[in-house]
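Working through the structure, step by step
As a plain string of letters, each chain reads:
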Amino acid sequence: MSLRDLLLLYGIIGIACAIAVLRRSPARNLRAMASAAATIPLWPLWAPFALGAPRAARSRSGAATTTARIDKALADAVEAVAGTPMSDVFSPKIATRISAEVLRVAARLDELGALAAEAGFDAEASAGKLRELESRGGSDRAVATARLQHESMLRLQQLRAADERALVDLAELLEVLRSQLLLARYAGSSAEGAGAIVGEVWARLEGLGAAFDVGAGGAVGGIPPA
Amino acid sequence: MITLFNRLLRSPAEVAKDCRADKGVAPIAANAIAAIVVGTLFFGGAVGSWQGGRQIAFAAIKLTLVGLGTLVVCVPAFHAITAVFGRPWALRPAISIMLIAGARFSLILLAATPVLWLAINLGAPYHLVKLLAALAYALGGLAALGLLLRSLGKGRDQLATVTVFVGVFLLVGGQAAWVLRPYIGDPRHGTTPFFTNEREGGVAYQLYVSARQLVAPTGPAPGSQTTAPSSVDEARSP
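Residues numbered from 1 in each chain as written. Chains lettered and ligands numbered in written order. Predicted model: local features only at pLDDT ≥ 70, side-chain atom pairs only at ≥ 80, totals over all residues. Heavy atoms only, no water.

1. Some thoughts on the overall build of chain A
Test applied: The helix and strand labels rest on DSSP assignments: H or I over at least four residues marks a helix, E over at least two residues marks a strand, and numbering proceeds from the N terminus. The rule is simple: take the accessible area with a 1.4 Å probe, protein chains only, and divide by the maximum for that residue type; under 20% is buried, over 50% is exposed, in between is partly exposed. The protein chains shown are the only cover counted for residues, whose accessible areas, like all others here, come from Shrake-Rupley with a 1.4 Å probe.
Helices and strands together make up the secondary structure of chain A, namely 7 helices and 0 strands. When the helices and strands of chain A are listed from N to C terminus, the series reads α-α-α-α-α-α-α. With 226 residues in all, chain A has 34% of them scored as buried. Total accessible area computed for chain A in this model is approximately 12800 Å², and 61% of it derives from carbon and sulfur atoms.

Written out as structure tokens, the structure is:
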């Protein structure tokens with residue numbers, strides 16, 4: 001293979017990567033075009049970053065996976081109690097309500113994820129700005145504003161992470177509930193344990209909803225509205 | 001971008017830590033590439049200004065190509081070498097570490113640019129320009145090496161990793177620079193071509209030829225041309 005062939009192959013791979021970068025970018029703006037253009041000659045250096053999943057998209061897919069787990073656990077649980085006296089403990093109506101609540105929480109998480117992906121809502125950028133101001137001796141007022149902004153971003157990030165964890169915990173709890181109901185159905189044991197788990201599920205859902213309602217009221221993470 | 005430059009020069013360990021953790025590496029990589037392009041463009045322009053004219057643009061473009069081309073070739077090698085020596089990093093951290101090391105190197109070149117340009121403006125001879133450029137490269141290389149060592153951490157086989165990688169990097173970088181020479185230009189030629197017309201083989205071969213000539217000087221060395229030498233030593237040396 002001659003140098004010309006090698007360069008041709010390199011260019012073809014670069015163009016393919018650039019197309020992938022363009023298709024993957026959420027918007028066809030100047031930034032996306034510049035990223036795609038840089039990918040053609042520099043694909044070994046830039047493509048892994050340009051083609052890496054955006055943080056928000058990754059988080060959304062994580063929430064979607066958890067929601068799918070919850071839906072499956074709910075469907076299995078409803079099926080397990082169908083036609084048995086235990087259907088009072090866990091009726092299809094209860095499952096629908098839980099599912100709706102979970103979807104609402106997941107949608108909120110997606111919103112937070114999308115917000116974090118936008119410019120101006122990045123904790124790393126705000127930390128960088130704060131460091132820069134401190135290092136070049138910015139005014140106290142400017143440093144205080146930058147610090148407040150950074151702390152707000154951190155709180156938003158923490159809130160989102162905590163709720164993602166809570167959603168995963170809920171999925172695990174519902175999977176336990178499904179197992180309990182299956183056990184009660186096939187082993188003829190009491191559904192008392194399952195009843196307690198259903199109570200726990202509602203308590204956790206209320207906890208999640210309360211956290212988001214506070215955020216919706218304009219005081220996210222204890223930060224007063226402007 | 002300026003924030004990253006500050007961090008690279010003042011707290012490189014912190015940037016390296018972010019890269020290893022794959023934390024916010026996309027903007028770091030973008031800014032590092034920009035730093036490499038800007039640093040090598042300006043330094044190349046200053047080197048080419050010794051001859052002036054279109055050699056300024058030629059040298060600027062060629063030094064940028066050498067810098068980026070060397071990184072493109074060496075990034076997979078770095079990824080593989082670190083994995084072999086017990087650091088199985090993901091691709092993004094490995095690339096970002098290479099890029100920030102390259103950016104630090106380029107920032108040193110950028111800092112050296114006014115000095116070099118001033119020397120040329122004051123009528124520095126070819127040899128002095130060559131030495132100043134080499135010195136700037138050496139300083140930049142040391143700065144990048146320090147960052148690389150910090151990035152690797154104090155784990156096992158740190159020295160072996162760096163030694164093997166530096167060997168590969170010097171070979172690739174040397175060959176890339178050799179292929180794209182000349183940079184300073186030859187005042188005996190009316191116009192300096194973008195690529196040299198001399199056919200002298202690769203840099204490794206030339207090193208072998210020189211070593212052989214030193215050990216046993218027997219007439220013209222194999223592969224050497226009897227054409228005029230590429231340097232301008234005679235032209236401007238006293």
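The structure having been displayed, the exposition proceeds.
2. Re the environment of Ala35 of chain B
Residues and elements named next belong to chain B. Condition: Should any heavy atoms of two residues lie within 4.5 Å, those residues are considered in contact.
Relative to the helices and strands, Ala35 resides in helix α3 (residues 25-48). For Ala35, a relative accessible area of 2% puts it in the buried group. Taking the C-alpha atoms as reference points, Ala35 and Ile2, separated by 33 residues in sequence, lie 9.6 Å from one another. Discounting residues that sit within four places of it in the chain, Ala35 has contacts with Phe5, Ala103 and Ser106.

3. Some details on the pattern of salt bridges
What counts is decided by this rule: Whenever a carboxyl oxygen of Asp or Glu lies within 4 Å of a side-chain nitrogen of Lys or Arg, that contact is scored as a salt bridge.
Scanning all chains against the criterion turns up 7 salt bridges over all chains. Of the charged contacts in the structure, one is a salt bridge between Lys72 of chain A and Asp76 of chain A, with a shortest N-O distance of 3.1 Å. Highlighted residues: Lys72 of chain A and Asp76 of chain A, both in helix α3 (residues 55-81), separated by 4 residues, approximately one helical turn. Here Asp22 of chain B ties to Arg92 of chain B by a salt bridge, and the two come within 3.3 Å at their closest N and O atoms.

4. A short note on the interface of chain A and chain B
To keep things clear, this is the line we draw: The buried area of a pairing is the accessible area, by a 1.4 Å probe, that goes missing from both parts when the two are put together, added over both. What qualifies as a polar contact is a pair of N or O atoms within 3.5 Å, subject to a donor-acceptor requirement within protein and to the restriction that residues adjacent in sequence count only when both atoms come from side chains.
At the interface, 14 residues of chain A touch 20 residues of chain B. Here chain A packs against chain B, burying approximately 1500 Å² in sum over the two surfaces, 71% of which is carbon and sulfur. Where chain A packs against chain B, one counts 1 salt bridge. For the salt bridge of Glu14 of chain B with Arg131 of chain A, the shortest nitrogen-to-oxygen distance reads 3.3 Å. At the boundary of chain A and chain B, one finds 2 residue pairs in polar contact (both at pLDDT 80 or more). Elements represented by at least two residues in the side of chain A that touches chain B include exactly α2 (30-50) and α5 (123-135) of chain A. When residues in the side of chain A that touches chain B are grouped by element, the largest group, 6 residues, is from α2 of chain A.

5. Points about a nonpolar patch on the surface
Note the threshold: Surface patches are defined over residues having more than 30% relative accessible area and no salt bridge, joining like charges when they lie within 9 Å and nonpolar side chains (Val, Leu, Ile, Met, Phe, Trp, Tyr) when within 5 Å.
On the surface, a cluster of nonpolar side chains totalling about 640 Å² of accessible area is made up of Met1, Leu3, Leu6, Leu7, Leu9 and Ile13 of chain A. Relative to the helices and strands, Leu6 of chain A resides in helix α1 (residues 3-24).

6. A word on the packing of α3 of chain B against helix α4 (residues 54-84) of chain B
Residue and element names in this part refer to chain B. Selection criterion: Where helices are involved, their axes are fitted lines through C-alpha atoms of the stretch in contact, as for all axes, and angles between N-to-C directions lie from 0 to 180°. Working definition: roughly parallel below 35 degrees, roughly antiparallel above 145 degrees, roughly perpendicular at 65 to 115 degrees, and oblique for all remaining angles. Each crossing gets its handedness from the near helix: less than a right angle anticlockwise from the far helix is left-handed, clockwise is right-handed. Here the nonpolar group is Ala, Val, Leu, Ile, Met, Phe, Trp, Tyr, Cys and Pro; Asp, Glu, Lys and Arg are the charged ones; every other residue, Gly included, is treated as polar.
Across the interface, α3 lies against α4 with an axial gap of 7 Å and an inter-helix angle of 140°. Classified by the interaxial angle, the pair formed by α3 and α4 is oblique. For the pair α3 and α4, the sense of crossing is right-handed. Residue-level inspection shows Ile36, Val37, Thr40, Leu41, Phe43, Gly44, Gly45, Val47 and Gly48 of α3 in contact with α4, the latter providing Gln55, Ile56, Ala59, Ala60, Ile61, Leu63, Thr64, Leu68 and Leu71. For the contact of α3 with α4, the class distribution of residues is 12 nonpolar, 6 polar and no charged.

7. Brief notes about the confidence of the model for chain B
Residues and elements named next belong to chain B. Counted only if it meets this: What pLDDT expresses is the predictor's confidence in each residue, scored from 0 to 100.
With 86% of its residues at a pLDDT of 70 or more, chain B shows a mean pLDDT of 83. Here helix α9 (residues 233-236) stands out as the least confident element of chain B, with mean pLDDT 39; helix α5 (residues 91-121) is the most confident, with 94. Considering only residues more than four positions removed or in separate chains, one finds that residues 221-238, a stretch of pLDDT under 50, has 36 contacts.

8. A look at the packing of aromatic side chains
All names here are of chain A. Selection criterion: By convention, a stacked pair of Phe, Tyr or Trp rings (six-membered ring in the case of Trp) has centres within 6.5 Å and planes under 30 degrees apart, an edge-to-face pair has planes over 60 apart, and any other such pair is tilted.
For the structure on display, the rule yields 8 aromatic pairs over all chains. For the pair Tyr10 and Trp43, a centre-to-centre distance of 5.2 Å together with 40° between the ring planes defines the contact as tilted. In this pair, Tyr10 is assigned in helix α1 and Trp43 in helix α2, connecting sequence segments 33 residues apart. Judged by relative accessible area, which is 22%, Tyr10 ranks as partly exposed.

9. Thoughts on the side chain of Thr113 of chain B
Checked against the element boundaries, Thr113 of chain B lands in helix α5. When sequence neighbours within four positions are dropped, the list of residues in contact with Thr113 of chain B reads Phe42, Phe43 and Ala46 of chain B.

10. Here we look at the environment of Tyr183 of chain B
All names here are of chain B. Relative to the assigned elements, Tyr183 resides in the loop between α7 (158-179) and α8 (203-215). Linking Tyr183 and Phe194, residues 11 residues apart in sequence, is a C-alpha distance of 8.9 Å. The contact partners of Tyr183, leaving out residues within four places of it in the chain, are Val47, Gly48, Gln55, Ala59, Lys62, Leu63, Val66, Ala176 and Ala177. Looking at Tyr183, its side chain comes within polar contact range of the main-chain oxygen of Ala177, at 2.6 Å.

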